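Remarks on the overall topology
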Amino acid sequence: MQLNMVTLVQLTYLILPQMIARRRGGILNVGSTAAFQPGPYSTVYFATKAFVLSFSEGLWQELREHKISVTCLCPGPTRTDFGARSRMDRNWNFIHGSMSTDAVCDVAYRGFRRRRRIVVPGLVNWLLAFSVRFSPRIAILHLMQTWQRPPKASP
Ligand SMILES: NC(=O)c1ccc[n+]([C@@H]2O[C@H](COP(=O)([O-])OP(=O)(O)OC[C@H]3O[C@@H](n4cnc5c(N)ncnc54)[C@H](OP(=O)(O)O)[C@@H]3O)[C@@H](O)[C@H]2O)c1
């Protein structure tokens, strides 16, 4: 929570005054597809990413008149140390759907240059993220619980 939310806000407000004064600049925040729905068993992490998305979108709108863009990158599973560290690499969607860092960074940078509000790399990630809008919340919660449930420890 400290890193994903408090530090992000502090860094943003450190650099924004100079950008506003110059009427030029851009911010690329790293959210996640976790931002689009709650994630049972990784509940705090998902909630912090929802914060990153909401904060970034709010600023995107506020700062348009200052010619500053704020892009929220929302990657799905990506092959970094994160999978092992968070133990998410045991989950089905991590094993079957992860992207390379090169591919994610390429899409992110292009989206940032185009001053996009949200960038979701990968068609499947994009479809999953946006289908959430049209699905009953309770169905999403059940689905996420199934996806996120940690495997039972072997005896
Ligand atoms: N990989 C994915 O599947 C995925 C998907 C969606 C979003 N993301 C997001 O992408 C971002 C980068 O993650 P990653 O995949 O590159 O994971 P990673 O390989 O585990 O890297 C995380 C980085 O964060 C640093 N870090 C961790 N705790 C810190 C702290 N308290 N203060 C300062 N630095 C800290 C680590 O530094 P040390 O190495 O020194 O510990 C490391 O450089 C994160 O915001 C993550 O939520 C990742």
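In the block above lies the structure referred to throughout.
Conventions and cut-offs
Along each chain, residues carry numbers from 1 onward, in the same order as the chain's sequence is written. At least 70 in pLDDT is required for a residue's local features to be given in this predicted model, at least 80 for side-chain atom pairs to be given and counted, and no such filter applies to totals for whole chains, interfaces and linings, which use all residues. Here a strand is any run of E in DSSP of at least two residues, a helix any run of H or I of at least four, and the numbering for each starts at the N terminus. Just to be clear, the radius of gyration here is over C-alpha atoms, and the globule rule we use is 2.2 Å times residues to the power 0.38. Neighbour counting defines burial: a residue surrounded by 20 or more other C-beta atoms within 10 Å of its own C-beta is buried, one with 12 or fewer is exposed, and intermediate counts give partly exposed, using backbone-placed C-beta atoms. Throughout, a pair of residues is in contact if the C-beta atoms placed from their backbones lie within 7 Å. Two strands are said to pair when DSSP picks up at least two bridges between them. Orienting the strands away from the viewer, one traces the path from the first strand over the helix to the second; a clockwise path indicates a right-handed crossover. Only the C-beta atom matters for nearness: placed from the backbone, it must lie within 6 Å of the molecule or strand for the residue to count as near. Three residue categories are used. Nonpolar comprises Ala, Val, Leu, Ile, Met, Phe, Trp, Tyr, Cys and Pro, charged comprises Asp, Glu, Lys and Arg, and polar comprises the others, including Gly.

Examining the overall build of the protein
Secondary structure summary: the protein contains 7 helices and 3 strands in total. Going from the N terminus to the C terminus, the protein shows its helices and strands as α-β-α-β-α-α-α-β-α-α. Computed over the C-alpha atoms, the radius of gyration of the protein is 16 Å, within 12% of the 15 Å expected from 2.2 N^0.38 for a compact globule of 155 residues. Classification of the 155 residues of the protein by burial places 27% in the buried group. Considering only contacts within the protein whose residues lie at least 6 apart along the sequence, 61% involve residues at least 24 apart.

Digging into the pairing of strand β2 (residues 68-73)
A large share of β2 lies buried, amounting to 6 of its 6 residues. What you see with β2 is no split at all: Ile 68, Val 70 and Cys 72 on one side and Ser 69, Thr 71 and Leu 73 on the other are buried throughout. Of the strand pairs in this sheet, strand β1 (residues 25-30) and β2 are connected by 6 bridges, and their pairing is parallel. Directly across from Gly 25, in β2, lies its bridge partner Ile 68. For the crossover from β1 across helix α2 (residues 43-63) to β2, the handedness is right-handed. Of the pairings in the sheet, the one linking β2 to strand β3 (residues 118-119) comprises 2 bridges and is parallel in character. Along β3, the bridge assignment pairs Cys 72 with Ile 118.

A few points about the site of the ligand
Around the ligand sit Leu 3, Val 30, Ser 32, Pro 75, Pro 77, Thr 78, Thr 80, Asp 81, Phe 82, Gly 83 and Arg 85, and that is every residue in its neighbourhood. Top contributing element to the shell around the ligand by residue count: helix α3 (residues 82-86), with 3 residues. Among the residues forming the shell around the ligand, the class breakdown is 5 nonpolar, 4 polar and 2 charged.

Keep in mind that these numbers describe shape and distance, not what the molecule does.
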